[in-house]
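Results of the structural survey
Each chain is listed here by its residues.
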Amino acid sequence: SKKAKMDDTKEDEGYDVVEHFRRLIESEPTLEKAVAAIQSLLLVVKHSKASTIMGLQVDLKAATDRLITFDENPSSVSLKAGCELFNIHVNRTSLDFPDIHECISKIVARGDDFAQMSMKSRMKIAKFGAQFIVNGCVVFTHGYSRVVCGLLTFAAKIGKQFSVVVCEGRPNGTGYKTAKFLISKSIPVKLVADVGVSVAMEKVDFVLVGANGVVESGGIISQIGTYQMAIIAKALKKPFYVASESYKFARLYPLSQNDLPETKRQLPLPPSAEHHIPDDEPLFTVSNPSSDYTPPSFISLLFTDLGVLTPSAVSDELIQLYS
């Protein structure tokens, strides 16, 4: 039964993959969901009672499905990519080590190494990206990205003198979170309204954003508003850079906004908007998706732990990651 499959991911002492994932995210705010998922799936392997490789794969499939279902954002590309990469790692290992006990031992050892490497990815990205920041430059960013904040912090630590312009990031105000973080690192910040992107773009040197996922074309899925920022940047001939870990590379190939994965979580409107139109007004609906797709033609370069890539190089890296 479905319940029995779900119970495959639990041990008698009470281990539960979703509960472990939730605790990791709550206790380590800087931890990416993909890394937390990999760490949680490693414990599924350690706790599995499967006596065959196929049984282990069934346990992992059930655990993966639960993690993806549990996540509050059904279109979380990075979490799905992390889970898929881990399951491919398990399949590869099972071919090299058909004995179940030896296979589990190798999976755990390699999985621990992968999790550690993933957590070091931001420092590699910071070192690559900091080379593009020169004294006196103005960086434009959007939303809140841990890897972008890490890159900017590293650049400041090594003595680069620069300032940052950040959008409010409505409706959830992620720009304020970014501004607060950067100010705490003594980096000058100017906050601008989302509707003022075109005016602010005139006065910056380049755009730097994070990504929820990097797709096969070299485009990105990121916080809503990223695409329109990229369009304006290209119109004004400003470089548009993306900072992203390679474990966010996903085997997806969207052609338009309508091709984004499954349901896009709707974000609530700011409180001020609720006072003007009644909730039960039949002629009124709200469309406020959490993410959008930026095609590769708008992206100058991607700063990744694999190096500085052009969008066209992403497909080759994906082949290496998933083959």
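Reading the values: the criteria
Residues numbered from 1 in each chain as written. Predicted model: local features only at pLDDT ≥ 70, side-chain atom pairs only at ≥ 80, totals over all residues. Heavy atoms only, no water. UniProt positions renumbered as here; feature names shortened; annotations may be inferred. Helix = DSSP H or I, 4+ residues; strand = E, 2+ residues; numbered from the N terminus. Contact = heavy atoms within 4.5 Å. Buried < 20%, exposed > 50% of the residue type's maximum accessible area, 1.4 Å probe, protein only. Arc of directions from axis to C-beta. Core = buried A, V, L, I, M, F, W, Y, C linked by side-chain atoms within 4.5 Å. Pairing = 2+ DSSP bridges. Right-handed = clockwise from strand over helix to strand, strands pointing away. Phe/Tyr/Trp six-rings, centres within 6.5 Å; stacked < 30°, edge-to-face > 60°.

- An unreviewed UniProt entry lists the protein chain under the name Translation initiation factor eIF2B subunit alpha, from Hirondellea gigas.
- Under the UniProt heading Sequence similarities (unreviewed entry), the note attached to the protein chain is "Belongs to the eIF-2B alpha/beta/delta subunits family."

1. A short note on the environment of V189
- Structurally, V189 can be placed in strand 3 (residues 189-192).
- With near-sequence residues (within four places) excluded, V189 lies in contact with V164, V166, A179, L182 and I183.

2. A word on helix 7 (residues 121-130)
- Within helix 7, the full set of buried residues consists of S121, I125, A126, G129 and A130. Angularly, the buried residues of helix 7 cover 150° about the axis, an arc narrow enough to put them on a single face.

3. Some remarks on unusual backbone geometry
- With a phi close to 65°, S186 is a non-glycine residue in the positive phi region.
- Examined against the element boundaries, S186 turns out to sit in the loop between helix 9 (174-184) and strand 3.
- Take S186: its relative accessible area is 68%, and that puts it in the exposed class.

4. What about the nonpolar core?
- L41, V45, L56, L60, L67, F86 and I107 are the most contacted members of the largest nonpolar core, which has 32 residues in total.
- Those elements giving two or more residues to this core turn out to be helix 2 (17-27), helix 3 (33-47), helix 4 (53-70), helix 5 (77-96) and helix 6 (100-119).
- When residues of this core are assigned to their parent elements, the largest contribution, nine residues, is made by helix 3.
- In this structure, L41 is in contact with L60, A63, T64, L67, C83, F86 and N87, ignoring residues within four places of it in sequence.
- One finds A200, A211, F240 and F249 within the second-largest nonpolar core, a separate group that totals 27 residues.

5. Considerations on the pairing of strand 2 (residues 162-167)
- Of all six residues making up strand 2, five are buried, and the element is well covered by its neighbours.
- Sheet topology note: the strand 1 (residues 137-141)/strand 2 ladder contains five bridges and is parallel. Across the sheet, V139 pairs through a bridge with V164, a residue of strand 2.
- Running through helix 8 (residues 146-157), the crossover from strand 1 to the neighbouring parallel element strand 2 is right-handed.
- Pairing analysis gives four bridges linking strand 2 to strand 3, with the strands arranged parallel. For C167, the partnering residue across the bridge sits in strand 3 and is V192.

6. Let's talk about the packing of aromatic side chains
- Tallied over the entire structure, the rule returns five aromatic pairs.
- Plain terms: the ring middles of Y227 and F298 are 5.6 Å apart, the flat faces sit at 80° to each other, and that makes the pair edge-to-face. One end of the pair, Y227, is in helix 11 (residues 226-235); the other, F298, is in the loop between strand 8 (291-294) and strand 9 (301-304), and 71 residues separate them in sequence.
- Overall, the relative accessible area of 23% leaves Y227 in the partly exposed class.

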